[in-house]
Amino acid sequence: MLSLFSTMDAWLIVSLVVAVTFVLAFEFINGFHDTANAVATVIYTKAMTPNLAVFCSGVFNFLGVLLGGVGVAYAIVHLLPVDLLINVNTGQGLVMVFSLLAAAILWNLGTWFFGIPASSSHTLIGSILGVGLANALITDISAAEGVNWQKAADIGMSLLFSPLAGFAVAALLLIALKLWKPLSTMHSSPVQRIEEKGKKHPPFWNRMVLVTSAMAVSFVHGSNDGQKGIGLIMLVLIGIVPAHFAVDLEATGYEISRTRDAAVHLGDFYHRNSEPLSEYLALGKGNGSDLPKQFHCDPQQTEATLASLLTILNGVHSYEDIPPAQRVEMRRYLLCLDDAARKVSKLDVLPDREKSDLEKLRKDLTSTTEYVPFWVVLAVALSLGLGTMVGWKRVVLTVGEKIGRGGMTYAQGMSAQVTAAVAIGMANVFSLPVSTTHVLSSGVAGTMVANRSGLQSGTVRNILLAWALTLPVAMTLAAGLYLAVTFLFLR
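The following refers to the structure shown. (Residues numbered from 1 in each chain as written. Predicted model: local features only at pLDDT ≥ 70, side-chain atom pairs only at ≥ 80, totals over all residues. Heavy atoms only, no water.)

Here's the deal with a nonpolar patch on the surface
1) Next: Together, Leu 52, Phe 55, Val 59, Leu 63, Leu 66, Leu 67, Phe 374, Leu 378 and Leu 382 line one region of the surface with nonpolar side chains, adding up to about 800 Å² of accessible area.
2) Next: Among the elements that take part in the nonpolar patch, helix 3 (residues 50-67) stands out by supplying 6 residues, more than any other.
3) Next: Relative to the helices and strands, Phe 374 resides in helix 18 (residues 374-402). (Patch = residues over 30% accessible without salt bridge, like charges linked within 9 Å, V, L, I, M, F, W, Y side chains within 5 Å. Areas by Shrake-Rupley, 256 points an atom, 1.4 Å probe, with all protein chains shown as cover. Salt bridge = Lys/Arg side-chain N within 4 Å of Asp/Glu carboxyl O. Helix = DSSP H or I, 4+ residues; strand = E, 2+ residues; numbered from the N terminus.)

Right under this line is the structure:
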């Protein structure tokens, strides 16, 4: 990483450091919102002391980020259309990153100040969509092409249904616990247990479940939300210094061969299925070797793109041997080929087995572009942990006492946390970003309804209002900033 700075201009170094700092600030503030939810129930029920809870949560967040992979990170990146990702220059990359981050930070700080469990995921995704649409407006491309709407729809469904599932599952789980042991002390609140038993902590096994599920939520939160920060930093690095981060310069010879073989097999796949795909991909209708200097990701340029990629990769054993400009071109080719393959996989003309083969080829094709340096993972993990330790009190109070009319019982805490851990863990498996805030808060609300405690209308109204406003406000803020800075400094 340090050797990178020796080859960069001073203004570029400053821009890079400031941009990465902005991302880490976003993750730090994310700790106010989302990571605090992971320890809210365990602190409120006095299963752990606050200092111990936030320390352990930070450790498990770190492990979640470290072991979580990159699926969610690149799901965030690919919300932007491929053409924007392949044609971004340093100036445009800076404007794009600062616009979406400034919008996300402003909204997150505002909702945190009022103690509202707002969603950092909604905020970030709204900001990215706003930048994509603003870019479409000033580049004369249609709104349909300004954002990867298929990816946006998948993420939108995940963000919409995960809180509903959290509400229902947590409620059912609490009902099951009440039917199993209706007279158990796990149905007491911390205040009731102190008054009735004179004991400060929950019963032993309740305490173990609360602690274990809290750490599980911290782990899956680190895996899911931490990857969002990772995706943002990769956007920064690729946008500002593409020559160094367009591809993984530390890729081994085997990994490079895997990418090259995937390109060869992709060509074989298209020719094997040439009859149904010939018209869509314009197979055999060009010379298959030349591309214009400025091109868009048109599936009908697939053969030429494959030929150009294989020319660059021919005989290469280290990406360091490829000139910086060609690394950028190579990334463009790989993104375009992956985009075309994704579109082909949606066509009805291919049998399911062929679609399955195509998905495997896509993974091999992008194995050296969808990567993350270890220092990025470490920086994001530390930012999340520190954010938790600073800003947890406001959200703990809201989750524990202000969602329902009565204080949270141990059984409610267990039901909500177990539900959140499973729901977010499943989202990680399918590389879908979800909101820890909304899943856990809705789980608590579900247990309050199931417990017939009722809900505090004011808090629920504020949470729903934040949920409804976050996406359009973040989109508007990010789009406005992007347009303003672009017209002021880049035109």
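Here the narrative resumes, following the displayed structure.
Examining the pattern of salt bridges
1) Next: Per the stated rule, a full pass over the model turns up 9 salt bridges.
2) Next: Between Lys 228 and Asp 225 there is a salt bridge; the shortest N-O distance is 2.7 Å. Of this pair, Lys 228 and Asp 225 both sit in helix 11 (residues 204-240), 3 residues apart, which is roughly one turn of the helix.
3) Next: You can call Lys 228 buried: its relative accessible area is 2%.
4) Next: One salt bridge in this structure joins Asp 339 and Arg 342, with 2.8 Å as the shortest N-O distance. Of the two residues, Asp 339 and Arg 342 are both situated in helix 16 (residues 324-345); the distance of 3 residues between them amounts to about one turn of the helix. Take Asp 339 and Arg 342: they sit in the same class, and that class is buried.
5) Next: Each of Asp 338, Glu 359 and Arg 362 takes part in one network of salt bridges that share partners. (Buried < 20%, exposed > 50% of the residue type's maximum accessible area, 1.4 Å probe, protein only.)

Some remarks on the packing of aromatic side chains
1) Next: Going through the model one piece at a time under the given rule, you end up with 3 aromatic pairs.
2) Next: Arranged with centres 5.1 Å apart and planes meeting at 80°, the rings of Phe 22 and Phe 98 form a pair that is edge-to-face. On the criterion of sequence distance, the pair formed by Phe 22 in helix 2 (residues 10-44) and Phe 98 in helix 6 (residues 90-113) is long-range, its members being 76 residues apart.
3) Next: A relative accessible area of 23% places Phe 98 in the partly exposed class. (Phe/Tyr/Trp six-rings, centres within 6.5 Å; stacked < 30°, edge-to-face > 60°.)

Concerning helix 19 (residues 410-429)
1) Next: Over its 20 residues, helix 19 extends 29 Å from the first C-alpha to the last, a length consistent with the 28 Å expected when each residue adds 1.5 Å.
2) Next: Counted residue by residue, helix 19 has 15 buried out of 20 residues, so it is predominantly covered.
3) Next: Where helix 19 terminates, the next one or two residues include Ser 431, which has phi positive at roughly 55°. (Expected span 1.5 Å × (residues − 1).)

Examining the packing of helix 11 against helix 19
1) Next: Here helix 11 crosses helix 19 at 30°, and the two axes come no closer than 8 Å. Of the possible angle classes, the one that applies to helix 11 and helix 19 is roughly parallel. The two elements helix 11 and helix 19 meet at a crossing, and its hand is left-handed. Every residue of helix 19 that contacts helix 11 at Trp 205, Asn 206, Val 209, Leu 210, Ser 213, Ala 214, Ala 216, Val 217, Val 220, His 221, Ser 223 and Asn 224 is listed here: Tyr 410, Gly 413, Met 414, Gln 417, Val 418, Ala 420, Ala 421, Ile 424, Gly 425, Ala 427 and Asn 428. (Axes fitted to C-alpha atoms, helices over the stretch in contact; angles between N-to-C directions. Parallel < 35°, antiparallel > 145°, perpendicular 65-115°, else oblique. Left-handed = near helix turned anticlockwise from the far one by under 90°. Contact = heavy atoms within 4.5 Å.)

Here we look at helix 9 (residues 149-180)
1) Next: In this model, helix 9 (32 residues) spans 46 Å end to end at C-alpha, consistent with the 46 Å of a helix rising 1.5 Å per residue.
2) Next: Residues of helix 9 that are buried: Ala 152, Ile 155, Ser 158, Leu 159, Ser 162, Pro 163, Gly 166, Ala 170, Ala 171, Leu 174 and Leu 177.

Digging into the nonpolar core
1) Next: Leu 100, Ile 230, Leu 232, Val 236 and Ile 240 are the most contacted members of the largest nonpolar core, which totals 54 residues.
2) Next: Those elements giving two or more residues to this core turn out to be helix 2, helix 4 (71-77), helix 6, helix 7 (120-138), helix 9, helix 11, helix 18 and helix 21 (457-489).
3) Next: With residues near it in sequence (within four places) discarded, Leu 100 still touches Leu 124, Ser 127, Ile 128, Val 131, Leu 232 and Ala 478.
4) Next: Counting 29 residues, the second largest nonpolar core, distinct from the first, contains Ala 251, Ile 256, Ala 341 and Leu 365. (Core = buried A, V, L, I, M, F, W, Y, C linked by side-chain atoms within 4.5 Å.)

A closer look at the packing of helix 9 against helix 20 (residues 436-450)
1) Next: Axis separation between helix 9 and helix 20 bottoms out at 7 Å; the angle between their running directions is 40°. Here helix 9 is positioned oblique relative to helix 20, judged by the angle of their axes. As for the relative orientation of helix 9 and helix 20, their crossing is right-handed in sense. Contact residues: Ser 162, Pro 163, Gly 166, Phe 167, Ala 170, Ala 171, Leu 174 and Ile 175 in helix 9; His 438, Val 439, Ser 442, Gly 443, Ala 445, Gly 446, Thr 447, Val 449 and Ala 450 in helix 20.
2) Next: Looking at the contact of helix 9 with helix 20 residue by residue, the classes come out as 10 nonpolar, 7 polar and no charged. (Nonpolar A, V, L, I, M, F, W, Y, C, P; charged D, E, K, R; others polar.)

Observations regarding unusual backbone geometry
1) Next: One non-glycine residue, Lys 46, lies in the positive phi region at around 60°.
2) Next: The residue Lys 46 is located in the loop between helix 2 and helix 3 in this model.
3) Next: We classify Lys 46 as partly exposed; its relative accessible area is 30%.
4) Next: Of note in this structure, Ala 282 is not a glycine but carries a positive phi near 55°.
5) Next: Of note, Ala 282 is situated in the loop between helix 14 (274-281) and helix 15 (302-313).

Notes on the side chain of Ser 127
1) Next: On the secondary structure map, Ser 127 appears in helix 7.
2) Next: Not counting chain neighbours up to four residues away, the residues in contact with Ser 127 comprise Leu 100, Ala 103, Ala 104, Ala 474, Met 475 and Ala 478.

Description of the side chain of Ser 345
1) Next: Turning to its location among the elements, Ser 345 is positioned in helix 16.
2) Next: One polar contact links the side chain of Ser 345 to the main-chain carbonyl oxygen of Arg 342, over a distance of 2.6 Å.
3) Next: Not counting the four nearest positions on each side in its chain, Ser 345 is found in contact with Lys 355, Leu 358 and Glu 359. (Polar contact = N/O pair within 3.5 Å; in protein donor to acceptor, adjacent residues only side chain to side chain.)

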